[in-house]
Structure formats: structure tokens, C-alpha cells
Amino acid sequence: MTRYFVVAAVGLLSALLAGAPVGEVAAQQRPSSPPRAEVSQAKPEGEMRWAIYVTLAPQWFDPAEVLGQITPFWVLYAMHDALVKPMPGNLMMPSLAESWTVSADQRVYEFKLREGLKFHNGDPFTAEDVKFSFQRTKGSKILKEKVREITVVDPYRVRFQLTEPFPDFMAFYGTLTTGAGWIVPKKHIEKVGDEAFKKHPIGLGPYRFVSHTLGVELVMEAYEGYWRKIPSVKRLVFKVVPDPTTRAAMLKRGEVDIAYMLDAPQALELQKDPSLRIAFSGGIGIATVDFLDMFDPKSPWADRRVRLATNYAIDRRGLSEMETLGASKPTGSIIPRTFEFALPIEPYPYDPVKAKQLMAEAGYPNGFDGGDLHVTPPFYSRGEGVMNYLGAIGIKFRMRPMERAAFFAAWGAKKLKGVCVCGSGLYGNAATRMSEIVPSDGTYAYGGYPDIDLLYKQQAVETDKKKREAMLFQIQQTLHERVRYGPIFEFLWPSGIGPRVEEPALLLINPYPWSAPLEEVRLKKK
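Please read all numbers here as calculations on a predicted model, not as lab measurements. (Residues numbered from 1 in each chain as written. Predicted model: local features only at pLDDT ≥ 70, side-chain atom pairs only at ≥ 80, totals over all residues. Heavy atoms only, no water.)

## Let's talk about the overall build of the chain
Secondary structure assignment for the chain yields 17 helices and 20 strands. Taken over C-alpha atoms, the radius of gyration comes to 23 Å for the chain, in line with the 24 Å a tight globule of 526 residues would show. The principal-axis extent of the C-alpha atoms belonging to the chain is close to 70 × 60 × 40 Å. Looking at the chain as a whole, 61% of its 526 residues are labelled buried. In the chain, the proportion of contacts linking residues at least 24 apart, taken out of those at least 6 apart, comes to 72%. Accessible surface, the chain: about 19700 Å² in total, of which carbon and sulfur atoms supply 52%. The distance from the centre of the 66 positive side-chain charges to the centre of the 59 negative ones in the chain is 2 Å. (Helix = DSSP H or I, 4+ residues; strand = E, 2+ residues; numbered from the N terminus. Rg over C-alpha atoms; globule rule 2.2 N^0.38 Å. Buried < 20%, exposed > 50% of the residue type's maximum accessible area, 1.4 Å probe, protein only. Contact = heavy atoms within 4.5 Å. Areas by Shrake-Rupley, 256 points an atom, 1.4 Å probe, with all protein chains shown as cover. Lys, Arg positive; Asp, Glu negative; His and termini not counted. Charge placed at Lys NZ, Arg CZ, Asp CG, Glu CD.)

Now the structure itself:
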């Protein structure tokens, strides 16, 4: 049986994300694709169907709406394209940009764009679209603050002038940390408006929009003018199927070709069918307990001993076995081990006796009412597992399930109370991963520490890699000592692959949790 496992590959980012060398960066001189003439010109054929586990939000059709999540890139890798993006073999591959240069003082980045490209509606791609796309993005605040000016040098050259040296400019702009480097058509959006664009997006990617039925499916067809290569499959269909049992059943019946994120029982059942494959992917998201009320001095969560007790009360290995057949690796950090500047931190051992002792020391020998327990949809079984473990030491919760879009809106608006079994899947390195959840002004941060805020700002402009690493290590160590979070595991999950699939494109980009690049997916020849 074929399995696709995550391998540590983020080390490829180390030279690129730590601060690019002056002049043409060596990694950018690698061919980004075979010359068009060498690529097979066979016409796209067939239809490939995915069963996905959450509702596709129309906001995901617009790169400007990427806010601290990696999930929208399901759609962006199909319908849109970026100046620079993670691709197979290179996590910062030139795409719409042929190359880029960095000034000696690291304040100016200039991109040379590919010429002759057209959006799906026939509009030409130029530097004006690059400037326009950046200016309308709602992504990382720090990225917008660091860019002082964008100059269109000529139709195929654009220059970014920074306010100061910013070593992570390309980590924020050229990976999946934000959607700022993903390009939309300026003239078209100015004509139809943002809301109309979300209803019928126009992009530069390998697939063009056909239709979207909210809560049902998204249909796309191959764009034969895609610059990199003509896609192999003519039609892609993403079907919204929230129930994992239904996703598995649809795979067995041949109604879909790939069923994302199966629960352990369904995965075990599908393993018995020789015509199906189980593939493990992920490795980006860290499941974490976030103590939302800990900065309220009146809350029990303000007591470090209570947060420490929570960490000892959770059986991380047991949760991994229950949810992902043991594939998810327990961790003590909110940063994936393979990310640059990650400080390795071992997970707390499962020790309910010590947890109860800490609760007694904190003045809660019989526990307390923990209030609301929020869970990132659709991972409610994980939330139930955490709720059961904490219930065993006397902390009682009320589960608050929400629709995914409503959850992220409420989380970002700081409207949630109690505790969240959530986490982050932000791409890049340790600094980008922390950007939305650790600094006090982060989109999903419900509080913070002045000393950590200061260190985070200092590391953001430090061009000496060793000094910067020391600062980021110090932040991670301090977060651990203060028990700011309850990290659970690095999330890897099983998905099912049907018999018609030749190439599911899982982990061609490593790490990246889903099928991509979508122009590489293939069905078996009849």
C-alpha cells in the first residue's frame, strides 16, 4: 500500500528566509519549469473529484482575503498564481516573477515579471496588477507596515521600497503566510467590484472558475493558456462533505477520487480495500490549547499552575492514536520542528496525578467551571478528547461548535471566551508562525507580554541571523516557561485515494497538506 508521509523539508527555507543575499538570489536562477515547448501539449481530459471537509467560503476565491489561514490555498493554487510560491523542490519558486534582486541595504526588492501572460478573461498581466494586488490585501499587518512604497518601473518590473531592512519580507510575500503575492486583475476588479469578483473570480492559475454552489461544490476547468504547463485533467470538482463517514463512503462508491481527512475508523476500514490507498499528509498545523481568558486576572486560567495542570492532563499520544492512527507527533511548541528558528521543546508527559496536585496547589482541588470550549471546525472530536481529559481533573466545559467562517470571524474579533482547542497553520518560519498569535496586536492574540512584544519587534529588523535566532529562541522559551499555550501535536491526517487516480499531488510540495500544484494531478489512462 502506498503512503505519503511528511518529511522534514522546511530546511530548504533557511537560506532564503533568513535574509536574501545581495543581487540575484541563487535559488531564483533555477528553472521554474521546463520550457513550454518541452511540455506535453496533450489536451486535458476527464474529471477529478475531491470530498473536502469544510464549506468553501467565497472569501477564499480572493487572495486579498487570506487572513492567518492556509486553507484558502486549496483554491488559490487552482485559480490564481503568485510572483513567488512554494512548489515541488523549491519552497520559494519564481512563478509570475522570473527573478528578483535585493539591494545592498536590504531595503529594496525588485521583481522581473514574466511577459505575455494573460488572465482568464484575456486581460494582460503587468506590474500594475502586482501593485494593485498588494495594496488591497488584508493580510499581515507587519508586511503592510514595512513596505513604504511600490513603484511600477515598467510594465514588467516592479520595485518594493521598505521602511527598514526586513529579513522576513520574502517569508511573508513569497510563501503561504499571506496572499499578498498572489495576483488579481486590476482592470477587471475596478470594473466589477470586490463582491462580484468573489462570485466569479478571474485569475492566472491553471484552472478557471466555472461555478460555485455554496455548501455543495466548486467546479473548475483547465486553462490551456497556463504558462507553466497545460493541466492533465480537464475538470476539477471540490465537493463539500462535512461528515467523514460520508466522505469515505463516497470514495468507496467511486463518487469521488480523493477524500480528504478521514477519521481513524474510516481510514482503517478503507485500508482493507486493495483498490484504495491511504495517504498521510499535513505537518503544517499545530493543534493547541489556547487559554483565551488567561489575561483576565479574575479568571482561573490566569494562574500558571492551572495552565500547567492542563498540559499534564492531556494524553497527546492517545489523542493522536484516536484522531490520526498515531501519525500526529506530540509536541511542546506552537512551531513545527522543521521550521527555521524553531526551538525544539518536548511535550509535557501525560501525568494526571501531577495535574491534580497542581490544581490543588492553585486552590481548585475539586476543579472549576471552565466555561466555553471552542474548537476549530471541524475538529470537534479533538475538542471532546481534550474536554474529557480536563474533566478528569475537575475542569468542566460547555462545547461551543460553530460554522467555520463564523468561528474565524469571532476568533479574530476577540469575541470568544474561555478556552480554544485551535492552533495555527501559518507557513514560513518561527517568526511568521507567531505573527498572528503571539504579539499583543496579532489577529488571533487575546493578550500578550510587553517583553515578548519588544523582542518580536527587534527580531523583525535584525539582519544578523545568529542574533535573530537567539531572540526567537528566547521568545519560544519564555512562552513555554509561562505556559502560554498547551501544544498538543503536529497534525498529520489520513486521506483516501481512489483507483482512478494516477497522481494525487499530495506532498509534491513538502510541507503542504493538500493536492498541489493542481496542474500536476493525473488520472490513470483508460
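After that view of the structure, there is still more to cover.
## A short note on the nonpolar core
In this structure, Trp74, Phe111, Phe160 and Phe169 are the most contacted members of the largest nonpolar core, which totals 152 residues. At seven residues, helix H2 (residues 73–79) tops the list of elements feeding residues into this core. Beyond its immediate stretch of four places on either side in the chain, Phe160 contacts Arg107, Val108, Tyr109, Phe111, Val130, Phe134, Val147, Glu149, Ile150, Phe169 and Tyr173. Val241, Leu262, Ala267 and Ile278 belong to the second largest nonpolar core, which has 13 residues in total. (Core = buried A, V, L, I, M, F, W, Y, C linked by side-chain atoms within 4.5 Å.)

## Considerations on the packing of aromatic side chains
In total, this model carries 39 aromatic pairs according to the counting rule given. Between the aromatic rings of Tyr53 and Trp74, the centroid separation amounts to 5.4 Å while the plane-to-plane angle is 90°, which identifies the pairing as edge-to-face. Of this pair, Tyr53 sits in the loop between strand E2 (45–52) and H2 while Trp74 is found in helix H2, placing the two residues 21 residues apart along the sequence. We note that Tyr53, like Trp74, is buried. For the ring pair Phe295 and Tyr449, a centre distance of 5.6 Å and an interplane angle of 65° mean the geometry is edge-to-face. (Phe/Tyr/Trp six-rings, centres within 6.5 Å; stacked < 30°, edge-to-face > 60°.)

## Digging into helix H10 (residues 304–313)
With eight of its ten residues buried, H10 lies for the most part within the structure. Looking only at H10, the buried set comprises Val306, Arg307, Leu308, Ala309, Thr310, Asn311, Tyr312 and Ala313. Turning to H10, the residues buried within the fold contact helix H11 (316–324), helix H12 (352–361), strand E15 (368–375), helix H13 (380–391), strand E16 (395–399) and strand E18 (485–497).

## Quick word on the environment of Leu67
Structurally, the position occupied by Leu67 is in the loop between E2 and H2. When its relative accessible area of 36% is taken as the criterion, Leu67 is described as partly exposed. Along the backbone, Leu67 and Leu426 are 359 residues apart, and their C-alpha atoms lie at a distance of 9.6 Å. In contact with Leu67, other than residues within four places in its own chain, are Lys138, Gly139 and Tyr444.

## Quick look at unusual backbone geometry
In this model, Asn510 is joined to Pro511 through a cis peptide bond whose omega is 10°. In this structure, Pro511 sits in the loop between strand E19 (501–503) and strand E20 (522–523). Look at the link from Ala516 to Pro517: it is a cis peptide, with omega at -10°. Structurally, the position occupied by Pro517 is in the loop between E19 and E20. A positive phi angle, near 70°, is found at Phe341, a position not held by glycine. Considering the arrangement of structural elements, one finds Phe341 in the loop between strand E14 (329–330) and H12. Relative accessible area serves as the criterion here: at 4%, Phe341 is assigned to the buried category. In this structure, Leu507 takes a positive phi of about 65° despite not being glycine. Note that Leu507 resides in the loop between E19 and E20. A residue is classified by how much of its surface remains accessible, and Leu507, at 14% relative accessible area, is buried.

## Things to note about the pairing of strand E11 (residues 233–240)
In this structure, E2 lies alongside E11, joined through seven bridges in parallel fashion. Each bridged residue has a counterpart across the sheet, and for Glu45 the counterpart in E11 is Val233. In terms of strand pairing, strand E10 (residues 217–222) meets E11 through five bridges, oriented antiparallel. Bridge pairing in E11 places Val219 opposite Val237. (Pairing = 2+ DSSP bridges.)

## Here's the deal with the packing of helix H16 (residues 450–460) against helix H17 (residues 465–481)
H17 packs onto H16 with a crossing angle of 155° between their chain directions and a minimal axis gap of 9 Å. The orientation of H16 with respect to H17, classified from their angle, is roughly antiparallel. Crossing of H16 against H17: the hand is left-handed. On H17, the residues touching Ile452, Leu455, Tyr456, Gln458 and Gln459 of H16 are Arg468, Met471, Leu472, Gln474, Ile475, Thr478 and Leu479. Each residue belonging to the contact of H16 with H17 can be placed in one class, and the counts come to seven nonpolar, four polar and one charged. (Axes fitted to C-alpha atoms, helices over the stretch in contact; angles between N-to-C directions. Parallel < 35°, antiparallel > 145°, perpendicular 65-115°, else oblique. Left-handed = near helix turned anticlockwise from the far one by under 90°. Nonpolar A, V, L, I, M, F, W, Y, C, P; charged D, E, K, R; others polar.)

## Observations regarding the pattern of salt bridges
By the definition in use, this model includes 35 salt bridges. In this structure, Glu195 engages Lys198 in a salt bridge whose closest nitrogen and oxygen atoms are separated by 3.5 Å. You can see Glu195 and its partner Lys198 sitting in helix H7 (residues 194–199), three residues apart, about one turn around the helix. The salt bridge involving Asp451 is made with Arg482; its shortest N-O contact spans 2.6 Å. Here Arg482 lies in the loop between H17 and E18 and Asp451 lies in helix H16, a separation of 31 residues in the sequence. (Salt bridge = Lys/Arg side-chain N within 4 Å of Asp/Glu carboxyl O.)

## Thoughts on the side chain of Glu65
Topologically, Glu65 is positioned in the loop between E2 and H2. Side-chain polar atoms of Glu65 contact the side chain of Lys198, separated by 3.2 Å. Among residues more than four places away in sequence, those in contact with Glu65 are Gln59, Lys138 and Lys198. (Polar contact = N/O pair within 3.5 Å; in protein donor to acceptor, adjacent residues only side chain to side chain.)

## A closer look at the pairing of E2
Sheet analysis places E2 next to strand E12 (residues 258–259), joined by two bridges and oriented parallel. By the bridge assignment, Trp50 is partnered in E12 with Ile258.

## Some details on the side chain of Ser333
Following the sequence through the fold, Ser333 ends up in the loop between E14 and H12. Here Ile335 takes part through its backbone nitrogen, which lies 2.9 Å from a polar atom of the side chain of Ser333.

## Details of the packing of H11 against H13
Packing of H11 against H13 leaves a shortest axis separation of 10 Å and a crossing angle of 150°. As summarised for this structure, H11 and H13 are arranged roughly antiparallel, according to the angle between their axes. Crossing of H11 over H13 shows right-handed handedness. Here Gly318, Leu319, Met322 and Glu323 of H11 lie close against H13, whose contacting residues are Ser381, Arg382, Gly385, Val386 and Tyr389. When its residues are assigned to classes, the contact of H11 with H13 shows four nonpolar, three polar and two charged.

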